[in-house]
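Chains, contacts and geometry: an overview
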Amino acid sequence: MKNPYNIEWLFPASALFVLAFFYGTYFVKKILQNRKGIQTRQIGKRKEKEVHTVEILMSIATLLCPAAELVSIALNWSVLPDDARFTGFLVGIIGDVIFLLAVIFMRDSWRAGIPDKDKTELVTRGIYKFSRNPAFLGFDFMYVGLLLMYGNAGTLVFTLFAVIMLHLQILQEERYLESTFGEAYTEYKKRVFRYLGRRRGGKND
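Residues numbered from 1 in each chain as written. Predicted model: local features only at pLDDT ≥ 70, side-chain atom pairs only at ≥ 80, totals over all residues. Heavy atoms only, no water.

On to the overall build of the protein chain. Looking only at helices and strands, the protein chain has six helices and zero strands in total. Counting from the amino terminus, helix and strand elements in the protein chain follow one another as α-α-α-α-α-α. Radius of gyration (C-alpha) of the protein chain: 18 Å, near the 17 Å computed for a compact globule of 205 residues. Each of the three principal axes of the protein chain carries a C-alpha extent, and together these read 55 × 40 × 30 Å. By sequence separation, contacts in the protein chain at least 24 residues apart represent 77% of the contacts at least 6 residues apart. Surface accessibility of the protein chain: about 11100 Å² in total, with carbon and sulfur atoms responsible for 66%. (Helix = DSSP H or I, 4+ residues; strand = E, 2+ residues; numbered from the N terminus. Rg over C-alpha atoms; globule rule 2.2 N^0.38 Å. Contact = heavy atoms within 4.5 Å. Areas by Shrake-Rupley, 256 points an atom, 1.4 Å probe, with all protein chains shown as cover.)

In structure tokens:
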């Protein structure tokens, strides 16, 4: 389906907005935490081999995926119709908002990667009442949204790689949280799903 408005810049601008909103949120939060003496990025700090490897691969995936998306935007490389691209924009914006809410409600306990020495609190308020991993959920929505906007072989491969690595990172972080917070996190897991949703009968936090 052709773009009924014939605006050539519409989809590139929309895709760049989704990316800028998402990574702008990340870097603003990082700057604010750095001013407080908090090291936000702690990817690869842990010495355990499995943890270190997954975090490094996740870091690579989250660099390659937006790079592939930017190349696709520059080349206007998409095999999908405009309707799918518009849907992709909406999905990407949802991802941006979810990520923003995750960062806001995590406050100064937010970290990129599993902290080595920093003490953080178990956050179960706000959006964390409905998702144990809303920041990762935001990543997934944003990546899938951009995939729908610029669907091609390259973005498909890198999106799948990123989503898989983010999931493996979630599994590692959940093991860390369970060992750190014990029964409090175990009870939280019983109430709230990994990605989205609450179990019936779950008490409010």
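Take the layout of surface pockets next. For the largest pocket, the calculated volume is near 760 Å³. In this structure, the largest pocket is lined by 37 residues; those nearest its centre are Trp110, Arg111, Ala112, Gly113 and Phe136. Elements that contribute at least two residues to the lining of the largest pocket include exactly helix H1 (10–35), helix H2 (49–75), helix H3 (82–106), helix H4 (134–149), helix H5 (153–181) and helix H6 (183–191). Per-element tally for the lining of the largest pocket: the top contributor is H2, with five residues. Residue composition of the lining of the largest pocket, by class: 26 nonpolar, six polar and five charged. (1 Å grid on protein atoms, 1.4 Å probe; cavity = no way out; pocket = protein on both sides within 12 Å on 5 of 7 lines; lining within 4 Å. Points joined across faces, edges and corners; volume = space filled by probe spheres on them. Nonpolar A, V, L, I, M, F, W, Y, C, P; charged D, E, K, R; others polar.)

What follows deals with the pattern of salt bridges. Inspection of every chain in the model, using the stated rule, returns eight salt bridges. Between Arg85 and Asp82 there is a salt bridge, with the nearest N and O atoms lying 4.0 Å from each other. You can see Arg85 and its partner Asp82 sitting in helix H3, three residues apart, about one turn around the helix. For the residue pair Arg85 and Asp82, the accessibility class agrees, reading buried in each case. (Salt bridge = Lys/Arg side-chain N within 4 Å of Asp/Glu carboxyl O. Buried < 20%, exposed > 50% of the residue type's maximum accessible area, 1.4 Å probe, protein only.)

Moving on to the side chain of Gln33. Following the sequence through the fold, Gln33 ends up in helix H1. Under the relative-accessibility criterion, Gln33 is labelled buried at 1%. Among the polar contacts made by the side chain of Gln33, one reaches the main-chain carbonyl oxygen of Trp110 at a distance of 3.3 Å. Beyond its immediate stretch of four places on either side in the chain, Gln33 contacts Ile38, Thr40, Arg107, Asp108, Ser109, Trp110 and Arg111. (Polar contact = N/O pair within 3.5 Å; in protein donor to acceptor, adjacent residues only side chain to side chain.)

Put simply, H1 and H4 touch, their axes get as near as 11 Å, and they point 165° apart. Between H1 and H4, the angle is such that the two are roughly antiparallel. As for how H1 packs across H4, the hand of that crossing is left-handed. Taken together, the residues of H4 that come into contact with H1 (itself represented by Phe11, Ser14, Ala15, Val18, Leu19, Phe22 and Tyr23) are Gly138, Phe139, Met142, Tyr143, Leu146 and Met149. Looking at the contact of H1 with H4 residue by residue, the class counts come to eleven nonpolar, two polar and no charged. (Axes fitted to C-alpha atoms, helices over the stretch in contact; angles between N-to-C directions. Parallel < 35°, antiparallel > 145°, perpendicular 65-115°, else oblique. Left-handed = near helix turned anticlockwise from the far one by under 90°.)

Structurally, Lys49 is set in helix H2. Taking relative accessible area as the criterion, Lys49 reaches 70% and is therefore assigned exposed. Counting along the chain gives 38 residues from Lys49 to Thr87, while the straight-line C-alpha distance between them is 40 Å.

Next up on the list: the confidence of the model for the protein chain. The pLDDT averaged across the protein chain works out to 89; a share of 94% of its residues lies at or above 70. No element of the protein chain has a lower mean pLDDT than H2, which averages 93, and none a higher one than H4, which averages 96. (pLDDT = per-residue confidence, 0-100.)

All right, on to H4 then. Taking 1.5 Å per residue, 16 residues should reach 22 Å; H4 reaches 22 Å between its end C-alpha atoms and fits that length. Of all 16 residues in H4, 13 are buried, a share of seventy percent or more. (Expected span 1.5 Å × (residues − 1).)

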